[in-house]
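# An overview of the molecular structure
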Amino acid sequence: MRIGDAWNALSDPRMVPRLFAAMVVLVLLMGMVTTYTYQGDKLYPKVLNPESPLDPYDRGGAPLREPGDVKAQYPENAPKLGWITSYLTPLTTWLAEKTRHLGTTIVSHPGGVIDEILYYTRGLDTVLETSILMMAFVVASWLITKED
Amino acid sequence: MIGLGESLIGLIRLGDIVLYLTPTTLTLFLTAVGFTVVMALSRPETQVELVFGMDGYKKSEMPMGEIKFRRYMAIVCGVATAGAMITGDIFDFALFVTLAGIADVGIVAASKKPQVLDAAYQYGMTLMIAGLPLFGAAALVLGTAGTLSLHELDTIRVSGVVAVLFILGVLGEIGVAPFYAAKARLFRALGAPYIIMIHVSTLLIIVRTVEIIVTLL
Amino acid sequence: MEIGALFQTAIVIGFASAFIAFLGFVLERDDVHKLVLTDLIEVLTLMIVACVGTDLAECLILPALVVGVAEVLAFSELAVAKEKTRLGFEEKTQQSPLNIEVLRTSPNLIAIILILYGAVLTGFTGGAVAGLGMLYYLVCRWEGDITKSFWEGVGAVSGVAWCLWILGFLLFFIVPDLWLLALFLAGGGILVKVTSKMGLIGIEGKRSFRSPGGKT
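Please read all numbers here as calculations on a predicted model, not as lab measurements.

Along its length, chain A carries six helices and zero strands. When the helices and strands of chain A are placed in sequence order, the string is α-α-α-α-α-α. By the compact-globule yardstick of 15 Å for 148 residues, chain A is too spread out, its C-alpha radius of gyration being 24 Å. With respect to the principal axes defined by its C-alpha atoms, chain A has extents near 70 × 55 × 35 Å. Across chain A, contacts joining residues at least 24 apart in sequence account for 43% of those joining residues at least 6 apart.

This is the structure:
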């Protein structure tokens with residue numbers, strides 16, 4: 001095939017996603033034969049305590065009295081590290097005392113290690129994430145309302 | 001401390017995400033911010049089209065709503081680009097790139113012409129499937145290196161496949177945007193100034209990606 | 001199996017699934033089918049992120065998920081707009097209303113339960129649950145029509161909530177002692193924001209779900 005034919009094929013906008021997908025397919029093939037060494041547990045590691053009603057998210061600490069045990073990347077940048085992890089809403093405390101696993105469900109928000117990471121140590125990620133949602137929504141509502 | 005052996009001017013510490021300023025990133029950041037300000041203040045050009053077959057011309061203007069929408073998207077794209085220039089975290093960078101990408105789709109999609117909308121839709125497809133290499137690469141960096149911070153990754157090597165996946169992800173999210181802008185013939189279309197934002201953000205983000213790849217390998 | 005081998009296996013399986021999905025994308029020619037395939041690819045993205053398997057990975061999944069959802073939202077709307085302009089028809093499509101009794105009788109109760117439960121949950125999940133309640137009610141029961149000012153009003157509420165949340169985020173670093181206030185600002189702000197967005201989706205859904213001006 002001559003180079004002119006290649007350019008002509010590329011001039012259709014529909015070709016670009018397919019070409020891109022074909023490139024990714026090749027790299028994924030390479031990725032399947034690569035060896036990966038696991039180091040993922042360096043940050044926010046946890047010790048499982050099956051007895052605790054807050055297992056597997058239990059990191060110790062008492063709500064508003066004692067911070068939980070959290071290992072972030074830069075603890076010096078987060079002076080109140082661990083406080084959100086140990087915080088439980090009154091409803092969650094009640095659920096954790098009465099039931100075995102309900103205290104770990106999404107009912108425990110706000111508070112808990114997930115909220116600590118989402119809002120505090122990696123808060124900028126969450127800000128960006130909702131900004132992306134907002135932009136997608138702005139685009140969608142522009143397309144919906146522009147005829148009116 | 002980081003990337004290309006440069007001196008550090010300042011750090012912005014937001015928990016685990018530490019934004020950093022070196023001569024390179026600061027220059028790129030100021031370029032993005034400056035261009036966004038120019039973009040926000042500039043007025044869209046009005047085009048004059050010749051009428052075929054007679055001695056006449058007509059003036060075509062973009063409706064005010066479309067101008068406002070395009071300008072808004074261009075500003076968001078500029079802010080996202082500026083953020084991507086100074087971020088010190090690979091996952092955060094991926095999110096900034098995605099934000100810039102979706103704002104680019106918005107700039108292209110503001111039009112009412114069918115071929116422009118089709119180009120925007122095809123770009124949207126690319127943007128969505130590029131999420132896998134981009135976020136997959138960021139997750140693999142976390143899994144194999146144990147950190148997402150570029151400050152730490154400077155001394156850790158990750159495998160080449162991960163780096164290639166990351167490049168592909170950035171390319172799909174924003175690198176092919178100028179192609180669609182050109183295909184939709186937006187340069188000669190109305191609202192010309194805002195479209196240049198797509199090119200500026202692509203250029204700056206690709207420069208920054210090179211720096212990140214140097215840090216990763 | 002020890003954890004390193006598990007990680008390797010999971011990643012290889014994830015890549016293999018992604019390989020199949022991308023291959024399907026290369027071969028597919030229909031635009032709408034492509035949109036469905038991209039959604040499949042978003043799910044596989046989540047799977048690869050989940051392979052890391054720590055609490056941090058759990059937090060990275062949420063942004064990746066939201067990005068996927070947001071993109072599907074914007075681009076499906078783009079697909080509709082594109083086809084409308086290409087075919088040149090306005091809102092004249094023949095719509096067949098669904099005559100399902102449950103859709104007339106259940107929304108009040110279900111919406112109240114979901115909104116209350118969502119308000120208790122707060123945060124993103126709470127916003128999604130409460131928003132689902134609102135969406136369900138608006139799709140099935142709401143009789144009003146979309147006006148531009150109404151749409152912009154809801155958008156403004158969500159914008160104010162966004163500002164509250166940014167304020168909370170900054171408080172964490174400027175005044176760390178107020179972390180509890182910042183946490184509730186963040187959780188409450190994101191609740192209102194996500195709920196209002198889902199509500200607007202419900203209004204849009206209503207338009208295509210029901211016959212114009214008719215009952216369910």
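Next up on the list: the overall build of chain B. The secondary structure content of chain B amounts to nine helices and four strands. What you see in chain B, going N to C, is helices and strands ordered as β-β-α-β-β-α-α-α-α-α-α-α-α. Buried positions account for 59% of the 217 residues belonging to chain B. Of all intrachain contacts in chain B linking residues separated by at least 6 positions in sequence, the fraction that spans at least 24 positions is 71%.

All names here are of chain C. Mapped onto the elements of the fold, Asp 177 is located in the loop between helix H7 (148–174) and helix H8 (179–209). When the 10 C-beta atoms within 10 Å are taken as the criterion, Asp 177 is described as exposed. Along the backbone, Asp 177 and Ser 76 are 101 residues apart, and their C-alpha atoms lie at a distance of 44 Å.

Residue and element names in this part refer to chain B. Assignment of secondary structure puts Val 162 in helix H7 (residues 160–175). With 25 C-beta atoms counted inside 10 Å, the residue Val 162 sits in the buried group. In this structure, the C-alpha to C-alpha distance between Val 162 and Ala 130, residues 32 residues apart in sequence, is 14 Å. Excluding residues within four positions of it along the chain, Val 162 makes contact with Ala 137, Leu 140, Val 141 and Thr 144.

This brings us to the packing of helix H2 (residues 31–50) of chain C against helix H3 (residues 55–87) of chain C. All names here are of chain C. The interhelical angle for the contact between H2 and H3, taken along N-to-C directions, is 175 degrees, at an axis separation of 9 Å. The angle between H2 and H3 places the two elements in the roughly antiparallel class. Contacts from Asp 31, Val 32, Leu 35, Asp 39, Glu 42, Thr 45, Leu 46, Val 49 and Ala 50 of H2 reach H3 at Ala 57, Leu 60, Ile 61, Ala 64, Leu 65, Gly 68, Val 72, Phe 75, Ser 76 and Ala 79. The residue makeup of the contact of H2 with H3, split by class, is 13 nonpolar, three polar and three charged.

On to the interface of chain C and chain A. Interface size is commonly expressed as the accessible surface area that is lost when the partners come together. Taken together, the 55 residues of chain C in the interface contact 53 residues of chain A. Within the residue set of the side of chain C that touches chain A, elements represented by two or more residues are helix H1 (3–27), H3, helix H5 (107–121), helix H6 (123–140), H7 and H8 of chain C. Of all the elements, H3 of chain C adds the most residues to the side of chain C that touches chain A, at 15 residues. Residues belonging to the side of chain C that touches chain A are distributed by class as follows: 38 nonpolar, nine polar and eight charged.

If you look at the interface, chain B gives 45 residues, while chain A gives 40 residues. For the side of chain B that touches chain A, the secondary-structure elements that each account for two or more residues are strand E1 (10–14), strand E2 (17–21), helix H2 (64–86), helix H3 (90–109), helix H4 (114–129), helix H5 (131–145), H7 and helix H8 (177–183) of chain B. Element by element, the count of residues in the side of chain B that touches chain A is highest for H3 of chain B, at eleven residues. Taken together, the residues of the side of chain B that touches chain A break down into 28 nonpolar, twelve polar and five charged.

All names here are of chain A. Phi at Tyr 44 is positive, roughly 45 degrees, even though this residue is not glycine. Tracing the chain through its elements places Tyr 44 in the loop between helix H2 (15–32) and helix H3 (83–86). For Tyr 44, a count of 23 C-beta atoms within 10 Å translates into the label buried.

The next thing to look at is the nonpolar core. Ile 132 of chain A together with Ile 107, Ala 120 and Ala 138 of chain B are the most contacted members of the largest nonpolar core, which totals 177 residues. Of all the elements, H3 of chain B adds the most residues to this core, at 15 residues. Filtering out sequence-adjacent residues up to four positions away, Ala 138 of chain B remains in contact with Ile 90, Phe 91, Ala 94 and Leu 148 of chain B.

This part is about the confidence of the model for chain B. Averaged over every residue, the pLDDT of chain B is 84; residues scoring 70 or more account for 93%. We note a pTM of 0.89 for the whole complex and an ipTM of 0.86 for its interfaces.

Further remarks concern helix H1 (residues 23–41) of chain B. All names here are of chain B. The end-to-end C-alpha distance of H1 is 27 Å, a good match for the 27 Å that 19 residues give at a rise of 1.5 Å each. Looking only at H1, the buried set comprises Thr 25, Leu 28, Phe 29, Ala 32 and Thr 36. Relative to the axis of H1, the buried residues are bounded by an arc of 100 degrees and lie together on one face. For H1, the exposed residues lying more than 90 degrees away from the buried face are Pro 23, Leu 30, Gly 34, Val 37 and Leu 41.

Turning our attention to the domain arrangement of chain A. The domain boundaries assigned to chain A delineate domain 1 (3–32) and domain 2 (47–126). With centres defined by C-alpha atoms, the gap from domain 1 of chain A to domain 2 of chain A works out at 45 Å.

This paragraph deals with the packing of helix H6 (residues 123–145) of chain A against H7 of chain C. Between H6 of chain A and H7 of chain C, whose axes approach to 11 Å, the crossing angle comes to 170 degrees. With respect to H7 of chain C, the axis of H6 of chain A lies roughly antiparallel. Contacts between H6 of chain A and H7 of chain C involve Gly 123, Val 127, Thr 130, Met 134, Ser 141 and Thr 145 of chain A on the former and, on the latter, Lys 148, Trp 151, Trp 162, Ile 166, Phe 169 and Phe 172 of chain C. Counted by class, the contact of H6 of chain A with H7 of chain C contains seven nonpolar, four polar and one charged residues.

Residue and element names in this part refer to chain C. Over its 15 residues, H5 runs 21 Å from end to end, which matches the ideal 21 Å to within 8%, given 1.5 Å per residue. Considered for burial, the residues of H5 that qualify are Ala 111, Leu 114, Gly 118 and Leu 121. Projected down its long axis, H5 shows its buried positions confined to an angular sector of 95 degrees, all on one face. Opposite the buried face of H5, at more than 90 degrees from it, the exposed residues are Asn 108, Leu 109, Ile 112 and Ile 113. Trailing H5 by a residue or two, Thr 122 shows a phi angle of about 55 degrees, which is positive.

Before going further, it helps to spend a moment on the pairing of strand E3 (residues 47–51) of chain B. Residues and elements named next belong to chain B. Little of E3 is tucked away: zero of the five residues are buried. When E3 meets strand E4 (residues 56–60), the two strands line up antiparallel, connected through five bridges. Bridged to Val 48 within E4 is Lys 59.

Cut-offs used in this document
- Residues numbered from 1 in each chain as written.
- Chains lettered and ligands numbered in written order.
- Predicted model: local features only at pLDDT ≥ 70, side-chain atom pairs only at ≥ 80, totals over all residues.
- Helix = DSSP H or I, 4+ residues; strand = E, 2+ residues; numbered from the N terminus.
- Rg over C-alpha atoms; globule rule 2.2 N^0.38 Å.
- Contact = placed C-beta atoms within 7 Å.
- Buried ≥ 20, exposed ≤ 12 C-beta atoms within 10 Å, placed from the backbone.
- Axes fitted to C-alpha atoms, helices over the stretch in contact; angles between N-to-C directions.
- Parallel < 35°, antiparallel > 145°, perpendicular 65-115°, else oblique.
- Nonpolar A, V, L, I, M, F, W, Y, C, P; charged D, E, K, R; others polar.
- Core = buried A, V, L, I, M, F, W, Y, C linked by C-beta atoms within 7 Å.
- pLDDT = per-residue confidence, 0-100.
- Expected span 1.5 Å × (residues − 1).
- Arc of directions from axis to C-beta.
- Domains from an automatic or database assignment.
- Pairing = 2+ DSSP bridges.

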